[in-house]
Amino acid sequence: MSKNIDWSTLGFGYVETDKRFVSEFKNGEWDEGKLTEDATITMSECACVLQYAQTVFEGLKAYRTEDGKVVCFRPDLNASRLADSAARLKMPVYPEDKFIDAVVETVKANLDWVPPYGSGATLYLRPYMYGKNAVIGVKPAEEYEFRVFCTPVGPYFKGGAKPITIRTTDFDRAAPHGTGHIKAGLNYAMSLYAIVDAHEKGFDENMYLDAATRTKVEETGGANFIFITKDGKLVTPKSDSILPSITRRSLMVVAEKYLGMEVEHREVYFDELKDFAECGLCGTAAVISPVGKIVDGDNVIEFPSGMEEMGPITKKLYDTLTGIQMGRIEAPEGWIKVISE
Ligand SMILES: *Cc1c(COP(=O)(O)O)cnc(C)c1O
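Residues numbered from 1 in each chain as written. Predicted model: local features only at pLDDT ≥ 70, side-chain atom pairs only at ≥ 80, totals over all residues. Heavy atoms only, no water.

Colleague: Which residues make up the packing of helix 5 (residues 246-258) against helix 6 (residues 312-325), and what values go with them?
Modeller: Direction vectors running N to C along helix 5 and helix 6 enclose 105°, while the axes themselves pass 10 Å from each other. Taken together, the axis directions place helix 5 and helix 6 in an arrangement best described as roughly perpendicular. Contact with helix 5, carried on its side by Thr247, Ser250, Leu251, Val254, Ala255 and Tyr258, involves Leu317, Thr320, Leu321 and Ile324 of helix 6 and no other residues of that element. Residues of the contact of helix 5 with helix 6, tallied by class, amount to 7 nonpolar, 3 polar and no charged. (Axes fitted to C-alpha atoms, helices over the stretch in contact; angles between N-to-C directions. Helix = DSSP H or I, 4+ residues; strand = E, 2+ residues; numbered from the N terminus. Parallel < 35°, antiparallel > 145°, perpendicular 65-115°, else oblique. Contact = heavy atoms within 4.5 Å. Nonpolar A, V, L, I, M, F, W, Y, C, P; charged D, E, K, R; others polar.)

Colleague: Please give an account of the nonpolar core that cites residues and values.
Modeller: In this structure, Val56, Phe99, Val107, Leu125, Met129 and Phe146 are the most contacted members of the largest nonpolar core, which totals 36 residues. Elements represented by at least two residues in this core include exactly strand 1 (20-26), strand 5 (60-64), strand 6 (70-73), helix 2 (75-88), helix 3 (96-108), strand 7 (122-131) and strand 8 (144-153). Counting residues per element, this core draws most heavily on helix 3, which supplies 6 residues. Setting aside residues no more than four positions away along its own chain, Val107 makes contact with Ala62, Val70, Val114, Leu123, Leu125 and Ile339. Ranked by size, the runner-up nonpolar core spans 23 residues in total, among them Met252, Ile288, Met310 and Trp335. (Core = buried A, V, L, I, M, F, W, Y, C linked by side-chain atoms within 4.5 Å. Buried < 20%, exposed > 50% of the residue type's maximum accessible area, 1.4 Å probe, protein only.)

Colleague: So what's going on with the site of the ligand? Residues and values would help.
Modeller: Surveying the vicinity of the ligand reveals 15 residues, the closest of which are Lys183, Tyr188, Ser245, Thr247 and Thr284. The contact in question runs from an oxygen atom of the ligand to an N or O atom on the side chain of Lys183, over 2.6 Å. Ala223 is positioned such that a nitrogen or oxygen atom in its backbone is 3.4 Å from a nitrogen atom of the ligand. A majority-of-atoms criterion places the ligand in the largest pocket. Among the residues making up the shell around the ligand, the classes are represented as 4 nonpolar, 7 polar and 4 charged. (Near = heavy atom within 4 Å. Polar contact = N/O pair within 3.5 Å; in protein donor to acceptor, adjacent residues only side chain to side chain. 1 Å grid on protein atoms, 1.4 Å probe; cavity = no way out; pocket = protein on both sides within 12 Å on 5 of 7 lines; lining within 4 Å. Sits in = over half its atoms within 2 Å of the grid points.)

Colleague: Before we move on, can you summarise the packing of aromatic side chains with the specific residues and values?
Modeller: The geometry of an aromatic ring pair is captured by two quantities: the separation of the ring centres and the angle between the planes. All told, the structure shown has 15 aromatic pairs when counted by the stated rule. When the ring of Phe25 is compared with that of Trp30, the centres are 5.2 Å apart and the planes differ by 65°; the resulting orientation is edge-to-face. Per residue, the accessibility class of Phe25 equals that of Trp30, and both read buried. Relative to Tyr94, the ring of Trp30 lies with its centre 4.9 Å away and its plane at 85°, an arrangement referred to as edge-to-face. Placement of the pair is Trp30 in strand 2 (residues 29-30) and Tyr94 in the loop between helix 2 and helix 3, with a sequence separation of 64 residues. Each of the two residues, Trp30 as well as Tyr94, counts as buried. An aromatic cluster of three or more residues is present, and its members are Phe21, Phe25, Trp30, Tyr94, Phe99, Tyr144 and Phe146. (Phe/Tyr/Trp six-rings, centres within 6.5 Å; stacked < 30°, edge-to-face > 60°.)

Colleague: Summarise the side chain of Thr168; cite the residues concerned and give the values.
Modeller: When you line up the elements, Thr168 lands in strand 9 (residues 164-168). Among the polar contacts made by the side chain of Thr168, one reaches the side chain of Asp296 at a distance of 2.6 Å. Excluding anything up to four places from it in sequence, Thr168 contacts Met207, Leu209, Phe270, Val295 and Asp296.

Colleague: Break down empty space enclosed by the protein for me, with residues and values.
Modeller: The full count for this structure, using the stated rule, is 2 cavities of 30 Å³ or more. Volume-wise, the largest cavity comes out at about 90 Å³. Every residue along the wall of the largest cavity is listed here: Gly59, Leu60, Lys61, Tyr63, Phe73, Asn78, Ile246, Thr247, Thr284, Val287 and Gln325. Elements supplying a minimum of two residues to the lining of the largest cavity: strand 5 and helix 5. Tallied by class, residues from the lining of the largest cavity come to 5 nonpolar, 5 polar and 1 charged. In this structure, the second largest cavity encloses a volume near 40 Å³. As for the second largest cavity, its lining consists of Arg64, Pro115, Pro116, Tyr117, Gly118, Gly120, Ala121, Thr122 and Met326. A breakdown of the residues in the lining of the second largest cavity according to their chemical character gives 5 nonpolar, 3 polar and 1 charged. (Points joined across faces, edges and corners; volume = space filled by probe spheres on them.)

See below:
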């Protein structure tokens, strides 16, 4: 039985669900892990995560498909990206096969929380790990916790995706020493000032440029860019300091294999943007948010697709990828993990 929730009015917020998965790392090894009803955590006031922000996370969704299955999308890529993030913060890697098992177990324990097909809502999963024991000298923790919780989230766009306006920023998002390519709390902490400042000034998001020359497009605080050229190619920035978005990597395959488009994954200069026909931000939460306008001081770039609706090629990409995720379009081998028939 589905929970008695008005799925259509649900936003993107935390709702406590029934069970979550917890595994502990002590004396050099991970335990078996278990499901628990306890949604709170007790730890030392001096825990490494609290003092030195030693924490990394992932985000993915479980969907109810047209034929009533519950599935998730490419969880193996979240598993390997969490492993990369953990290694960069000197945390023990959580085994990738056990990551997928933990995601499956968490969804199975909360099946009633998976929103119905067609509601636009989905079950968002948040796997994460953090250094838990007390550490006062600067060094990695010795004890860690890996957890997965889930929370139902509403349709990202109520009444259709309206293009947004973004601005360039001189703030640097990534913490020092080039940690921008990992999914870690510290990158988000470093982006909070810039996002609040952008909102106060009437922009929806920040466009980060490369820190060294400020001439190349990186990403926004939580999404990668895609651009469509006037002759229908997909162009997306390549950089070692942006997060390798699973949505973006999937859209590159969808563009090439499903829509027969040419795909260019390369450095993208800010000066080129005025020549593109469409622009979008991609990530798990919204799939693609269309961008209508980019403001760089006095220089305003308005894409021909306008501020009223998603550009036509962006829309095709969006419809094809969400069709694959919801089981309406056949997925490439290995993209869909069935959790419940
Ligand atoms: C999560 C995230 C994205 C989007 O990645 P997906 O795997 O597509 O959800 C992009 N940039 C940053 C900084 C992120 O944290």
